Amino acid sequence: MDSTIIIEKSIIILVVFAITMLMAMYSTLAERKVAAWLQDRIGPNRAGKGGILQPLADGLKLFSKEEFEPNTPNRFLFFVGPAIAMSTALMTSAVIPWGDKFHLFGRDIILQATDIDIALLYIIGILSIGVYGIMIGGWASNNKFSLMGAVRAASQMISYEVAMGLSLIALLMMTGTLSLREISLQQSEMNWNVFYQPLSFLIFLICAFAETNRTPFDLAECETELIGGYHTEYSSMKMGFYLFAEYANMFISSAILAVLFFGGYNYPGMSWAVENWGVNIANIIGIAVLFAKICGFIFFYMWVRWTIPRFRYDQLMHLGWRILIPLSIINIVITGIVILRAEIASYLGF
Amino acid sequence: MSTILIIFCVLAAITLSTAFLTIFSRNPIHSALYLVICFFSIAGHYLLLNSQFLAIMHLIVYSGAIMILFLFTIMLMNLNKENEVHKPRITRLGAIVSFCLICIVLILVFINSKPIIGEYVHTGEDYQSIKVLGHVLLNEYMVPFEFASILLLVAMIGAVLLSKKEKTGK
């Protein structure tokens, strides 16, 4: 393997890491601003102009707080929990295509850390591993409330993973590939998957809310019943890692939603832009479009959080197992029938 | 030594050591977590053998689903040292003897078996690609594939039936 590829990929990985961190940081500010806006308040406005330095101040506060440790026999696991939560939140970004080909210095550069054949399965795999961070942290806290919060969060995530996987199968039957790059290439111009698979998109969106433990599915940190959920015993930056991982997850899941269903970096008139303005400029607009879509989804997450109250636990399980899973199976059947009809029609020559 | 050999040695060391720690550790949660690490390193072996699909499926099914359910049950059961089962000495002795016998049989099998490495033919087909895998699975191995799915379905129905029975029995 030649060394330029390694350098190129390392730069892409570093940039993606930095952007994820930045987006997660500013999501915390955006969350508070959106909450304030929806509740007719002003929100944080003291640190910097319009509160622009607030995330830095928050981070500094978390770093300088006293590190409290509960009396637990599993100190190592207590440390490992937030680390797993953070690293799994960041690992998913490896397969997301952030843009099409750049043509620089006489070579094509693809804005993606790695284009593997099984990208979608990789995402599902990392999601299912992310449960360990919560479970280990909650158990190692040596606290009944933490354990109950961890068990709740984990069972919720496992339940919704099933519906999520099934909703993706309908999409895969249509696209015929698991590679995210090919999926986004198929959605050129306005051929976005959301128009062909609206039900699949809806199920995936609901499951994404449940997977990131956001309201209305944030039963894991239901204050009235469980104090703080699985991170009750955590303090200082370990607590910060759990909170930060949630926002990083939110950013990554918004990116996946945008790539899978909303065309990724595609925008109407992209081929025209390629012809008239060249590949690179069209691509820069594409990246901006992708980030606009991601920010839209992040805003949607926050909007829902401050609009819909939290579900009861039995309602959550009912929704997951009795409504979403049958719905996604029906969606698979409908997709199969439509694909079969189209194939028969083309076979008979209609 | 080539890089792949070094990676293989490291992975094999992790696999073996965590597999032993799974058995040796006293705390059931620790042994479950060692088993998870063991599964991860086995997925690494699959990746070394160029089968991405198998590796990621192994991760999703074993680490992502089965071991999480295991951890769940163990955490909720709250096993302590007090309610650890003490086996009588004669049972332990029997276990050691049978283990040694199985070891002898296994060693003899390994000595007498003829390794068939080197008989693989490179067909030029890319078995990393899931398209090739799907074609092979649904054309050549269609019948076993369908039988496996029926087996899984039966197991699922059986599990549901068992849990229902317990409820009505009370």
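Residues numbered from 1 in each chain as written. Chains lettered and ligands numbered in written order. Predicted model: local features only at pLDDT ≥ 70, side-chain atom pairs only at ≥ 80, totals over all residues. Heavy atoms only, no water.

- In the annotation of an unreviewed UniProt entry, the entry for chain B reads NADH-quinone oxidoreductase subunit J, and the organism field reads Flavobacterium granuli.
- What UniProt states about chain B under its Catalytic activity (unreviewed entry) heading is, verbatim, "a quinone + NADH + 5 H(+)(in) = a quinol + NAD(+) + 4 H(+)(out)".
- Checking UniProt for chain B, the heading Subcellular location (unreviewed entry) contains the comment "Cell membrane". (UniProt positions renumbered as here; feature names shortened; annotations may be inferred.)

- Per an unreviewed UniProt entry, chain A goes by the name NADH-quinone oxidoreductase subunit H and belongs to Flavobacterium granuli.
- The heading Subunit (unreviewed entry) in the UniProt record of chain A holds the text "NDH-1 is composed of 14 different subunits. Subunits NuoA, H, J, K, L, M, N constitute the membrane sector of the complex."
- Taken verbatim from the UniProt record of chain A, the Catalytic activity (unreviewed entry) comment is "a quinone + NADH + 5 H(+)(in) = a quinol + NAD(+) + 4 H(+)(out)".

## Points about the overall build of chain A
In step 1: Per the secondary structure count, chain A includes 13 helices and 2 strands.
In step 2: Taking 20 Å as the expected radius of gyration for a compact globule of 350 residues, we find that chain A reaches 22 Å, a close match to that expectation.
In step 3: The buried share of chain A, taken over its 350 residues, is 53%.
In step 4: If you take every contact in chain A between residues at least 6 apart in sequence, the share linking residues at least 24 apart comes to 80%.
In step 5: A total of about 16200 Å² of accessible surface is found on chain A, and carbon and sulfur atoms cover 70% of it. (Helix = DSSP H or I, 4+ residues; strand = E, 2+ residues; numbered from the N terminus. Rg over C-alpha atoms; globule rule 2.2 N^0.38 Å. Buried < 20%, exposed > 50% of the residue type's maximum accessible area, 1.4 Å probe, protein only. Contact = heavy atoms within 4.5 Å. Areas by Shrake-Rupley, 256 points an atom, 1.4 Å probe, with all protein chains shown as cover.)

## Focus on the packing of aromatic side chains
When we look at a pair of aromatic rings, we describe it by the centre distance and by the angle of the planes.
In step 1: In the structure shown here, the tally under the stated rule is 22 aromatic pairs over all chains.
In step 2: Through successive ring pairs, a cluster of aromatic residues spans Trp192(A), Phe195(A), Phe201(A), Phe204(A), Phe261(A), Phe262(A) and Phe297(A). (Phe/Tyr/Trp six-rings, centres within 6.5 Å; stacked < 30°, edge-to-face > 60°.)

## Examining the side chain of Gln156(A)
Residues and elements named next belong to chain A.
In step 1: Topologically, glutamine 156 is positioned in helix H5 (residues 144–175).
In step 2: For glutamine 156, a relative accessible area of 0% corresponds to the buried category.
In step 3: Contact partners of glutamine 156, with chain neighbours within four places excluded, come to Ala210, Asn213, Phe217, Leu219, Tyr313, Leu316 and Met317.

## Here's the deal with a nonpolar patch on the surface
All names here are of chain B.
In step 1: Taken together, the side chains of Leu137, Leu138, Tyr141, Met142, Val143, Phe145, Phe147, Ile150 and Val154 define a hydrophobic patch exposed on the protein surface, amounting to about 850 Å² of accessible area.
In step 2: Among the elements of the structure, helix H5 (130–139) and helix H6 (142–169) are those that each provide at least two residues to the nonpolar patch.
In step 3: Considering each element in turn, the nonpolar patch owes the most residues, 6 residues, to H6.
In step 4: One can find methionine 142 in helix H6. (Patch = residues over 30% accessible without salt bridge, like charges linked within 9 Å, V, L, I, M, F, W, Y side chains within 5 Å. Salt bridge = Lys/Arg side-chain N within 4 Å of Asp/Glu carboxyl O.)

## Notes on the interface of chain A and chain B
In step 1: Every contact between the two is made by 24 residues of chain A and, on the other side, 25 residues of chain B.
In step 2: With both chains or domains summed, chain A and chain B bury close to 2100 Å², and 79% of this area falls on carbon and sulfur atoms.
In step 3: Counting the contacts that link chain A with chain B gives 0 salt bridges.
In step 4: The interface formed by chain A and chain B holds 2 residue pairs in polar contact (both at pLDDT 80 or more) in total.
In step 5: Of all the secondary-structure elements, those providing two or more residues to the side of chain A that touches chain B are helix H4 (119–140) and H5 of chain A.
In step 6: Here the side of chain A that touches chain B takes 11 residues from H4(A), the largest share from any one element. (Buried area = accessible area lost by both parts, 1.4 Å probe. Polar contact = N/O pair within 3.5 Å; in protein donor to acceptor, adjacent residues only side chain to side chain.)

## Looking at the layout of surface pockets
Residue and element names in this part refer to chain A.
In step 1: Of the voids in this model, the largest pocket is the one considered here, and its volume is about 2100 Å³.
In step 2: For the lining of the largest pocket, the element with the most residues is H5, which contributes 11 residues.
In step 3: Across the lining of the largest pocket, the residue classes break down as 28 nonpolar, 11 polar and 2 charged. (1 Å grid on protein atoms, 1.4 Å probe; cavity = no way out; pocket = protein on both sides within 12 Å on 5 of 7 lines; lining within 4 Å. Points joined across faces, edges and corners; volume = space filled by probe spheres on them. Nonpolar A, V, L, I, M, F, W, Y, C, P; charged D, E, K, R; others polar.)

## So, helix H1 (residues 3–38) of chain A
In step 1: For H1(A), spanning 36 residues, the distance from its first C-alpha to its last is 51 Å, which sits close to the expected 52 Å at 1.5 Å a residue.
In step 2: Two residues or fewer after H1(A) comes Asp40(A), characterised by a positive phi angle close to 60°. (Expected span 1.5 Å × (residues − 1).)

## Observations regarding the UniProt feature "transmembrane region" (unreviewed entry) in chain A
In step 1: If you check UniProt for "transmembrane region" (unreviewed entry), the listed places come out as residues 12–29, 76–98, 119–140, 160–180, 192–211, 247–267, 279–303 and 323–342 of chain A in our numbering.
In step 2: For residues 279–303 of chain A, helix accounts for 100% and strand for 0%, while the C-alpha atoms at its two ends are 36 Å apart.

## Regarding empty space enclosed by the protein
Residues and elements named next belong to chain A.
In step 1: Scanning the entire structure with this criterion turns up 1 cavity of 30 Å³ or more.
In step 2: In this structure, the largest cavity spans a volume of roughly 370 Å³.
In step 3: Residue lining of the largest cavity: 28 residues in total, with Leu127, Met157, Glu211, Thr212 and Asn249 positioned closest to the centre.
In step 4: Of all the elements in the fold, those that place two or more residues in the lining of the largest cavity are helix H3 (75–91), H4, H5, helix H8 (198–211) and helix H10 (236–261).

## Comments concerning the packing of H4(A) against H10(A)
All names here are of chain A.
In step 1: Here H4 crosses H10 at 165°, and the two axes come no closer than 13 Å. In terms of orientation, H4 lies roughly antiparallel with respect to H10. Handedness of the crossing formed by H4 with H10: left-handed. On the side of H4, the interface is formed by Leu120, Ile123, Gly133, Ile134 and Gly137, while H10 contributes Tyr242, Ile256 and Leu260.
In step 2: Grouping the amino acids of the contact of H4 with H10 by side-chain chemistry returns 6 nonpolar, 2 polar and no charged. (Axes fitted to C-alpha atoms, helices over the stretch in contact; angles between N-to-C directions. Parallel < 35°, antiparallel > 145°, perpendicular 65-115°, else oblique. Left-handed = near helix turned anticlockwise from the far one by under 90°.)

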